[in-house]
Amino acid sequence: MLSKTYDPLKGKKLEILSAEGKVIKPSLMPKVDLASVRKWYETMVFARVADQKAIQYQRQGRMLTYAPSIGQEAASLGAIIPTEERDWLVPAFRELAGWLQKGAPLENLFLYWYGNEAGSLLPDSVRMLPISVPIASQLTHAVGLAMAIDYEEKDEVVIAFCGDGGTSQGEFHEALNFAGVFESPVVFVIQNNQFAISVSRKDQTRSKTLAQKAIAYGIPGIQVDGNDLFAMIAATQEAVERARAGEGPTLIEAVTYRLGPHTTSDDPSIYRSDEEVEEWKEKDPILRLKRYLISKKKLTEDEDQALYKQFEEEVNTIFSRIEESQSPTLDDVFSYTYASLTPNLEKQLRNAKQFLEGGE
Amino acid sequence: MTLLNNIGALNQAFDQEMELNPRIVIYGEDAGFEGGVFRATKGLQEKYGKKRCFDTPLAEAGIVGSAIGMAIYGLKPVVEIQFSGFVLPAFNEIVAHAARYRNRSHGKYPLSMVIRMPYGGGIRALEHHSESIEALFAHIPGLKVVIPSTPYDTKGLMIAAIRDPDPVIFMEPKRIYRAFKQEVPNEPYTVEIGKAKILQTGTDLTLVAWGAMVREAQKAIDLLNDSNISVELIDLRTISPIDRKAIVTSTKKTGRFLVVHEAVSSFGPGAELISLVTEDAFLSLEAPPSRLTGYDIPVPLPKGEHHFMITPQKIASEIKRLIAY
Ligand SMILES: Cc1ncc(C[n+]2csc(CCOP(=O)(O)OP(=O)(O)O)c2C)c(N)n1
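On a predicted model such as this, the values are computed, not experimentally measured, just so you know. (Residues numbered from 1 in each chain as written. Chains lettered and ligands numbered in written order. Predicted model: local features only at pLDDT ≥ 70, side-chain atom pairs only at ≥ 80, totals over all residues. Heavy atoms only, no water.)

## Quick look at the interface of chain A and chain B
Item 1. The partner chain B presents 47 residues to the 44 residues of chain A that form the contact.
Item 2. Here chain A and chain B share an interface that buries about 3,700 Å² over both sides, 62% of which is from carbon and sulfur atoms.
Item 3. When residues of chain A are sorted by the area they lose upon contact with chain B, Tyr151(A), Tyr336(A) and Tyr338(A) head the list and together hold 21% of the total.
Item 4. Here Asp280(B) and Lys347(A) are joined by a salt bridge, their closest N and O atoms 3.5 Å apart.
Item 5. Joining chain A to chain B, the criterion identifies 22 residue pairs in polar contact (both at pLDDT 80 or more).
Item 6. Taken together, the elements giving at least two residues each to the side of chain A that touches chain B come down to α6 (138–151), α7 (170–182), α12 (330–335) and α13 (343–358) of chain A.
Item 7. It is α6(A) that contributes the most residues to the side of chain A that touches chain B, 9 residues altogether.
Item 8. The residue inventory of the side of chain A that touches chain B, partitioned by class, reads 23 nonpolar, 10 polar and 11 charged. (Contact = heavy atoms within 4.5 Å. Buried area = accessible area lost by both parts, 1.4 Å probe. Salt bridge = Lys/Arg side-chain N within 4 Å of Asp/Glu carboxyl O. Polar contact = N/O pair within 3.5 Å; in protein donor to acceptor, adjacent residues only side chain to side chain. Helix = DSSP H or I, 4+ residues; strand = E, 2+ residues; numbered from the N terminus. Nonpolar A, V, L, I, M, F, W, Y, C, P; charged D, E, K, R; others polar.)

## A closer look at the site of the ligand
Residue and element names in this part refer to chain A.
Item 1. Taken together, 15 residues are adjacent to the ligand, and Arg-94, Val-133, Gly-165, Gly-166 and Phe-195 come closest.
Item 2. In the model, an oxygen atom of the ligand is placed 2.8 Å from a nitrogen or oxygen of the Phe-195 main chain.
Item 3. Grouping the constituent residues of the shell around the ligand by class yields 7 nonpolar, 6 polar and 2 charged. (Near = heavy atom within 4 Å.)

## So, the pattern of salt bridges
Item 1. Within this structure, the stated rule accounts for 42 salt bridges over all chains.
Item 2. Put simply, Arg288(A) and Asp225(A) hold a salt bridge, and the shortest N to O gap is 3.0 Å. In this pair, Arg288(A) is assigned in helix α10 (residues 285–295) and Asp225(A) in strand β7 (residues 221–225), connecting sequence segments 63 residues apart.
Item 3. You can call Asp225(A) buried: its relative accessible area is 9%.
Item 4. The closest approach of N and O atoms between Arg116(B) and Glu80(B), which form a salt bridge, is 2.6 Å. One end of the pair, Arg116(B), is in strand β5 (residues 114–119); the other, Glu80(B), is in strand β4 (residues 76–80), and 36 residues separate them in sequence. Considered together, Arg116(B) and Glu80(B) belong to a single accessibility category, that of buried residues.
Item 5. Ionic contacts of the salt-bridge type, sharing partners, join the residues Arg86(A), Asp87(A), Asp155(A) and Arg244(A) into one network. (Buried < 20%, exposed > 50% of the residue type's maximum accessible area, 1.4 Å probe, protein only.)

## Some thoughts on the layout of surface pockets
Item 1. In this structure, the largest pocket spans a volume of roughly 940 Å³.
Item 2. Taken together, 40 residues line the largest pocket, and the ones lying closest to its centre are Ala135(B), Ala138(B), His139(B), Ile140(B) and Glu272(B).
Item 3. Secondary-structure elements contributing two or more residues to the lining of the largest pocket are α12 and α13 of chain A together with α6 (134–138), β12 (238–240), β13 (257–264) and α10 (269–281) of chain B.
Item 4. Taken together, the residues of the lining of the largest pocket sort by class into 23 nonpolar, 11 polar and 6 charged.
Item 5. If you add up the space inside the second largest pocket, you get close to 460 Å³.
Item 6. Along its surface, the second largest pocket is lined by 23 residues, and Thr342(A), Pro343(A), Asn344(A), Lys195(B) and Ile242(B) are the ones closest to its centre.
Item 7. Secondary-structure elements contributing two or more residues to the lining of the second largest pocket are α13 of chain A together with α9 (244–254) of chain B.
Item 8. With 5 residues, the single largest contributor to the lining of the second largest pocket is α13(A). (1 Å grid on protein atoms, 1.4 Å probe; cavity = no way out; pocket = protein on both sides within 12 Å on 5 of 7 lines; lining within 4 Å. Points joined across faces, edges and corners; volume = space filled by probe spheres on them.)

## Considering the packing of aromatic side chains
Item 1. Taken as a whole and judged by the stated rule, the model has 21 aromatic pairs over all chains.
Item 2. Each ring, one from Trp88(A) and one from Tyr73(B), has its centre 5.6 Å from the other, and the planes form 45 degrees; the classification is tilted. With Trp88(A) in strand β2 (residues 88–90) and Tyr73(B) in helix α3 (residues 60–73), this pair bridges two chains.
Item 3. Aromatic side chains Tyr295(B) and Phe308(B) sit 6.4 Å apart centroid to centroid with 85 degrees between the ring planes, which places their arrangement in the edge-to-face category. Linking Tyr295(B) in the loop between β14 (290–294) and α11 (302–308) with Phe308(B) in helix α11, this pair joins segments that are 13 residues apart in sequence.
Item 4. Tyr295(B) sits in the partly exposed class, given a relative accessible area of 43%.
Item 5. Judged by its relative accessible area of 6%, Phe308(B) falls in the buried class. (Phe/Tyr/Trp six-rings, centres within 6.5 Å; stacked < 30°, edge-to-face > 60°.)

## Quick notes on the side chain of Ser265(B)
Item 1. In this fold, Ser265(B) is placed in the loop between β13 and α10.
Item 2. Other than its neighbours up to four places away in sequence, Ser265(B) contacts Arg291(B), Thr293(B), Gly294(B) and Asp296(B).

## Considering the pairing of β7(A)
All names here are of chain A.
Item 1. The element β7 is largely enclosed, with a buried count of 5 among its 5 residues.
Item 2. Of the two faces of β7, the one lined by Gly-221, Gln-223 and Asp-225 and the one lined by Ile-222 and Val-224 are each fully buried.
Item 3. Across 5 bridges, β7 lies against strand β8 (residues 250–255) in parallel orientation. Across the sheet, residue Ile-222 finds its bridge partner in β8, namely Ile-252. (Pairing = 2+ DSSP bridges.)

## What to know about the side chain of Asn193(A)
Residues and elements named next belong to chain A.
Item 1. As for its placement among the helices and strands, Asn-193 is situated in the loop between β4 (186–192) and β5 (195–196).
Item 2. We classify Asn-193 as buried; its relative accessible area is 5%.
Item 3. Residues contacting Asn-193, with those up to four places away along its chain left out, are Gln-72, Arg-94, Asp-164, Thr-256, Tyr-257 and Arg-258.

## What to know about the packing of helix α8 (residues 213–223) of chain B against helix α12 (residues 312–323) of chain B
All names here are of chain B.
Item 1. It is at 8 Å that the axes of α8 and α12 come closest, and there the two elements cross at 60 degrees. When the interaxial angle is binned, α8 and α12 end up oblique. Taken as a pair, α8 and α12 cross one another with a handedness that is right-handed. Contact with α8, carried on its side by Glu-216, Ala-217, Lys-219, Ala-220 and Leu-223, involves Pro-312, Gln-313, Ile-315 and Ala-316 of α12 and no other residues of that element. (Axes fitted to C-alpha atoms, helices over the stretch in contact; angles between N-to-C directions. Parallel < 35°, antiparallel > 145°, perpendicular 65-115°, else oblique. Left-handed = near helix turned anticlockwise from the far one by under 90°.)

Written out as structure tokens, the structure is:
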């Protein structure tokens, strides 16, 4: 079992693909074909472009606050790759590449950050909960889903994300404890991007690793190079298989870095150094996979540049659709609080309409 | 018909609904093997197995949060918070999530679930066991808040809560869990959520109460038997959504309004009721609408609790003051 070999208490971290794009642990390399790797690379690039465009739109005053995932594409994507369509994704709010891999349209994500709840109404085929803004409380929902899956004796697994800051929340611990006690089919992924807004990882907890927190709950935990797509796939694959086999939850710590700001309202230059950022840029998950694909002759520099260009156009088209989309109606904002309007809401809606129509 | 107290009515409601609907799961701290510290879920684990009725770790946010996940999946969780005073660790789950999922997901993830908890004072309990915090929940859009006062209503409202498409906070007046019995139909039935009940018609004053205060109000009316004062007594039954129509219609008829609740006064449910009476029945009022409530202090420990409690004497005296106004 990987979590035995890569014991977080001994400071071991699972790595398969080096920053130079070389497979350094061939024996652990997941069975993947190059065509799929190329497709995943494209998903990562697409996510990167969408993020960068979103920041740009925001700077132009065309988008509301946005939380980019730049630098975390592999952690997010790698954790979803070993799951099936029937499995569930419970995201935090920074899961763009995983979101896309799960089949959720970029339209929805943009619509949400554009300020329209309709973005959270995902197609039925996409088994995924909406973005959760409160930190870490979504993990208990993931456990509940997993408990229900057990109850219904379904062959499904839940994969749930939170950040390094999220591990300090009480509900992170309640979720892990519940999942351990009930042996629920859930995989927790911590996206340790080194910061919770401005608070650094070392100021978040005295634990040496975040993965070792699993030990307190009697479940396996493993620290993984989160910028290494193959390591993320390998670790999650094992965790998903364990969950499917009825062997309970796993905690995965994906060690990664938030290359962008926390959100478009944040200025990371006041709490981290340029040198640190530069260092992490060398470990960029996209750069790493690009080097790998080029060495395997599955990608050329020209093709790569063409990809960025093509995706920029696609993202622009999607975003212009968002800008042209209708704002919610008055009925819309009243409609979804209860199954049907309470008498009180009926009255408030009637008054609001009268005011609009009467113009007084 | 069977003669049941409130606990028996709850237990029967769970039993019958679980029998009918295999997707119902019931859990909480001590809710499984022991059947809850008040025994509301007694026998359910034995009958339906550990899969459908079980104990959880001692963690309220975990209980409510996992119930949210279950409800999203399509199960029907009915979870127990041991005492309402301990729901606060789960408050985030209730307010930030349970109340909002339907809205957040634009209707895709409605949460049909029940969060039940014993509440209220008068049982000589420890600190944090006596508060009435219905207003905290009633203030939150997306929740329904139900409080029964009789075994008949307890069974009917609980079944309605379980079948309701929205999250229901079901607050149980623990002081009257076993205080009296009532004939309850054997078969499952529902009492509509959102409808108040006129317990007694009258012409001089509208008195609104719920939970354990209904009994105190009835005793107050008995005290006034010789006084020729005709009180209309309404059991609110649902704190949210409120039955505005019943309150306003009655107040228009009687011209006087009194609300009695155990909860502390400021920003309490009484304020809401008086506000709606003033908005919709102002011209009918012959006295300022009034509230008789707990004081704005933490409920005192048992030795001092009598100061805090609403008694029939206090209610009768307030009724007389309003009549003489
Ligand atoms: C319960 C809660 N407290 C505070 C916030 C405000 N807040 C939003 S994001 C954030 C930091 C989260 O850090 P982390 O969990 O590491 O995730 P990251 O943003 O780095 O992905 C904070 C404090 C919140 N959303 N929810």
